[in-house]
Amino acid sequence: EEAKKIVLKQDPNLPLAIKIKIRQSVASRGKRVKVSGWVHRLRTQGKDMKFIVLRDGSGYLQCLLTGELCHTYDALILSLESTVTIYGVISELPAGKTAPDNHELLADYWEVTHHAPGGDDAFTNKLNADADPSILYEQRHLVIRGETASAVLKARSAIMKAFRDHFDSKGFTEVNPPCMVQTQVEGGSTLFEMNYYGEKAYLTQTSQLYLETCLPSLGDVYCISESYRAEKSHTRRHLSEYSHLEAEMAFITFDDLLDTLEDLICDTIDRVLANETTRKLVYQLHPDFVPPQRPFLRMDYKDAIQYLKDHNIKKENGSFYEFGEDIPEFPERTMTDQINKPIFLCRFPAEIKAFYMKRCAEDNRVTESVDVLIPGVGEVVGGSMRISDMNELLAGYKREGINPTPYYWYTDQRKYGTTEHGGFGLGVERFLAWLLHRDNVKECCLYPRFMGRCLP
Ligand code: 4AD
């Protein structure tokens with residue numbers, strides 16, 4: 001009742017407060033400022049001091065309420081995640097005290113915009129994952145307010161920019177292919193089907209075919225688009241919707257393709273680490289990250305089959321993998337983790353790969369294809385040279401049991417000026433899981449989609 005009677009007033013003799021974002025707080029030290037945000041942390045010391053760590057998405061700022069400022073009713077019932085505006089001056093902390101950026105805003109006035117609930121409905125009670133870890137996906141909209149989840153999303157944004165800067169520096173044009181399509185590319189078993197005005201259509205598995213059609217129009221192209229796979233299992237690296245970074249180039253050889261890919265990965269990481277803010281984020285999340293060394297190990301599929309034999313990595317039934325068989329996730333990861341550096345795994349047999357892959361001149365059984373394997377994560381990139389000859393392409397459709405009719409526009413590329421060309425697709429969330437040391441790709445996107453979850 002006492003507290004309800006206290007009404008705070010701004011001292012009219014103080015200088016006008018400048019409105020800032022928390023990221024500007026180091027530069028704004030010594031001036032009177034006004035900062036709005038969410039109560040990230042809250043600590044009461046005695047009856048005359050309240051420490052608030054304020055969060056506005058651009059940073060964290062410790063604010064100190066003293067005396068009458070913490071005797072009001074608003075102060076007494078203040079809870080985490082409430083929205084407030086605090087006025088005062090930011091100054092460096094004396095030695096021995098710690099706070100974000102080593103400074104503190106000493107409040108001379110503050111107001112509450114909205115009180116978040118306390119008690120049973122309090123923010124912290126919403127995120128208790130001990131009972132059921134799926135809570136963290138159900139409450140993802142609250143989880144992203146956390147320090148780790150928001151750092152991952154900030155880093156993701158910076159890394160996407162680094163990818164774009166890389167391609168821009170190499171003269172690539174960014175395009176935006178459609179996500180609703182009527183062709184399948186990476187196998188029928190993972191297609192999401194949809195009703196498109198009464199016609200059958202799919203959510204795209206890859207933008208590759210569209211990128212290929214851009215070569216004669218725009219030259220080297222890339223896109224960052226969502227791809228969709230109806231994966232029917234729960235793993236640490238599969239999503240139903242993921243961000244797919246794809247690029248395509250004409251008049252290149254398979255070696256050119258591998259070099260481009262190596263350059264993309266290394267240069268993007270260099271750019272990320274060259275930026276002070278992003279560098280801090282990466283090392284905050286992944287303290288012992290070591291950038292990969294060029295050149296990457298290049299290994300043929302047939303040598304991987306031999307490696308599995310030499311290292312006694314077998315199928316569940318005790319037999320070895322033989323040439324021509326798909327190497328599943330487990331043995332692939334075992335090998336990659338043992339070798340413990342990125343691998344360009346090359347020249348897969350045509351039968352286990354997609355219809356569009358070009359065969360090797362020196363060995364017709366295998367294709368000019370590459371998977372990039374990363375320790376701890378597995379396959380991060382898939383790419384290949386594409387069939388440039390029309391008849392060979394028609395044979396490819398046939399082998400995979402694909403009706404060529406809806407692919408007329410793709411086939412046309414082999415009619416109106418064909419050439420050697422190739423490209424690749426990089427799974428952004430898998431790349432991030434590697435760089436940011438996340439155990440699961442689901443932590444690397446805003447709202448993960450996977451079997452059984454399409455909410456929030
Ligand atoms: O190997 P994939 O299937 O290759 C393609 O789609 C080619 N058409 C790309 C191209 O050449 N333009 O997929 C490429 C990458 C994989 O290496 C993986 O990183 C990622 O996409 N990926 C997934 N990421 C998360 N969840 C899934 N379900 C994924 N499926 C593939």
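Engineer: Could you give an account of the packing of aromatic side chains, naming the residues involved and the relevant values?
Structural biologist: Counted according to the given criterion, the structure contains 18 aromatic pairs. For the pair W409 and Y410, a centre-to-centre distance of 6.3 Å together with 70° between the ring planes defines the contact as edge-to-face. Residue W409 is classed as buried on the basis of its relative accessible area of 17%. We classify Y410 as buried; its relative accessible area is 0%. In this structure an aromatic cluster arises from ring pairing among Y210, F355, Y356, Y397, Y407, W409 and Y410. The side chain of K353 reaches across the aromatic face of F348, ending 4.2 Å from its centre.

Engineer: Outline the sheet that holds strand β13 (residues 297-300), supporting the account with residue identities and numerical values.
Structural biologist: An order of β7-β11-β12-β17-β16-β15-β14-β13 is seen for the 8 strands of this open sheet, with the pairing classed as mixed. Looking at strand neighbours, the two that pair on one side only are β7 (173-174) and β13, the edges of this open sheet. Across 2 bridges, β7 lies against strand β11 (residues 221-228) in parallel orientation. Bridge assignment links T173 to a residue of β11, and that residue is V221.

Engineer: Tell me about the side chain of R414, and please be specific about residues and values.
Structural biologist: Examined against the element boundaries, R414 turns out to sit in the loop between α12 (408-411) and β17 (421-427). Polar contacts involving the side chain of R414 include one to the side chain of E212, which spans 2.9 Å. Within polar-contact distance, the side chain of R414 engages the backbone oxygen of Y410 at 3.0 Å. If we skip the residues at most four places from it in the chain, R414 touches E212, R386, I387, S388, D389, M390, L393 and H421.

Engineer: Give me the lowdown on the site of the ligand, citing residues and values where you can.
Structural biologist: Neighbouring the ligand are 22 residues; E186, Q208, E246, E379 and V380 lie closest to it. At 2.7 Å from a nitrogen atom of the ligand is found a side-chain nitrogen or oxygen belonging to Q208. Within the side chain of Y356, an N or O atom sits 3.4 Å from a nitrogen atom of the ligand. Calculation on the ligand without its partners gives an accessible area of 630 Å², and the protein chains cover 94% of this total. Secondary-structure elements contributing two or more residues to the shell around the ligand are β12 (241-250), β16 (378-385) and β17. Here the residues of the shell around the ligand are counted per class, giving 6 nonpolar, 8 polar and 8 charged.

Engineer: Could you give an account of the packing of helix α5 (residues 147-169) against helix α8 (residues 276-285), with specific residues and numbers?
Structural biologist: Where α5 meets α8, the closest approach of the two axes is 10 Å, and the angle between their N-to-C directions is 135°. Viewed along their axes, α5 and α8 adopt a mutual orientation that is oblique. Crossing hand, α5 versus α8: left-handed. Of the residues in α8, those touching α5 at E147, T148, A151, V152, K154, A155 and A158 are T278, L281, Q284 and L285. Split into classes, the residues belonging to the contact of α5 with α8 amount to 6 nonpolar, 3 polar and 2 charged.

Engineer: Report on unusual backbone geometry, specifying residues and quantitative values.
Structural biologist: Keep in mind that most residues, glycine aside, have a negative phi and that most peptide bonds are trans. With an omega of -10°, the peptide bond between R294 and P295 qualifies as cis. Positionally, P295 belongs in the loop between α8 and β13. Cis geometry marks the peptide bond from L455 to P456; its omega dihedral reads -10°. Examined against the element boundaries, P456 turns out to sit in the segment after α13 (428-435). One non-glycine residue, D101, lies in the positive phi region at around 60°.

Engineer: An account of the side chain of T72 is requested, with residue identities and associated values reported.
Structural biologist: By the element assignment, T72 lies in the loop between β4 (60-66) and α2 (73-77). Look at T72 and you get buried, because its relative accessible area is 6%. Setting aside residues up to four positions removed in sequence, T72 forms contacts with A3, I6, L8 and W110.

Engineer: Can you lay out the nonpolar core for me, pointing to particular residues and giving the numbers?
Structural biologist: Membership of the largest hydrophobic core comes to 53 residues, with the highest contact counts inside it found for I159, L245, F424, L426 and F431. The element that contributes the greatest number of residues to this core is helix α7 (residues 254-274), accounting for 10 residues. In contact with L245, other than residues within four places in its own chain, are F163, F167, Y222, C223, I224, L264, F424, G425, L426 and V428. Judged by nonpolar contacts, the second largest core, of 25 residues, contains L61, I86, L105 and W110.

Engineer: Break down the packing of α7 against α8 for me, citing the residues and quoting the values.
Structural biologist: Contact geometry of α7 with α8 gives a least axis separation of 5 Å together with a crossing angle of 105°. Relative to α8, α7 is oriented roughly perpendicular. Along its contact with α7, which presents V272, L273 and A274, the element α8 presents E276, T278, R279, V282 and Y283. Residues belonging to the contact of α7 with α8 are distributed by class as follows: 5 nonpolar, 1 polar and 2 charged.

Engineer: Break down a positive patch on the surface for me, citing the residues and quoting the values.
Structural biologist: A surface patch of like charges, here positive, comprises K19, K21, R23 and K154. Mapped onto the elements of the fold, R23 is located in the loop between β1 (18-19) and β2 (32-45).

Engineer: Give a description of the pairing of strand β9 (residues 192-196) that names residues and reports values.
Structural biologist: Taken together, the 5 bridges between β9 and strand β10 (residues 199-203) define a ladder with antiparallel strand orientation. Its bridge partner lying in β10, N195 is registered against K200. Between β9 and the antiparallel strand that follows it, β10, lie 2 residues; Y197 among them carries a positive phi value of about 50°.

So, how was this worked out
- Residues numbered from 1 in each chain as written.
- Predicted model: local features only at pLDDT ≥ 70, side-chain atom pairs only at ≥ 80, totals over all residues.
- Heavy atoms only, no water.
- Phe/Tyr/Trp six-rings, centres within 6.5 Å; stacked < 30°, edge-to-face > 60°.
- Buried < 20%, exposed > 50% of the residue type's maximum accessible area, 1.4 Å probe, protein only.
- Lys NZ or Arg CZ within 6 Å of the ring centre and 35° of its normal.
- Pairing = 2+ DSSP bridges.
- Helix = DSSP H or I, 4+ residues; strand = E, 2+ residues; numbered from the N terminus.
- Polar contact = N/O pair within 3.5 Å; in protein donor to acceptor, adjacent residues only side chain to side chain.
- Contact = heavy atoms within 4.5 Å.
- Near = heavy atom within 4 Å.
- Areas by Shrake-Rupley, 256 points an atom, 1.4 Å probe, with all protein chains shown as cover.
- Nonpolar A, V, L, I, M, F, W, Y, C, P; charged D, E, K, R; others polar.
- Axes fitted to C-alpha atoms, helices over the stretch in contact; angles between N-to-C directions.
- Parallel < 35°, antiparallel > 145°, perpendicular 65-115°, else oblique.
- Left-handed = near helix turned anticlockwise from the far one by under 90°.
- Core = buried A, V, L, I, M, F, W, Y, C linked by side-chain atoms within 4.5 Å.
- Patch = residues over 30% accessible without salt bridge, like charges linked within 9 Å, V, L, I, M, F, W, Y side chains within 5 Å.
- Salt bridge = Lys/Arg side-chain N within 4 Å of Asp/Glu carboxyl O.
- Lys, Arg positive; Asp, Glu negative; His and termini not counted.
- Charge placed at Lys NZ, Arg CZ, Asp CG, Glu CD.

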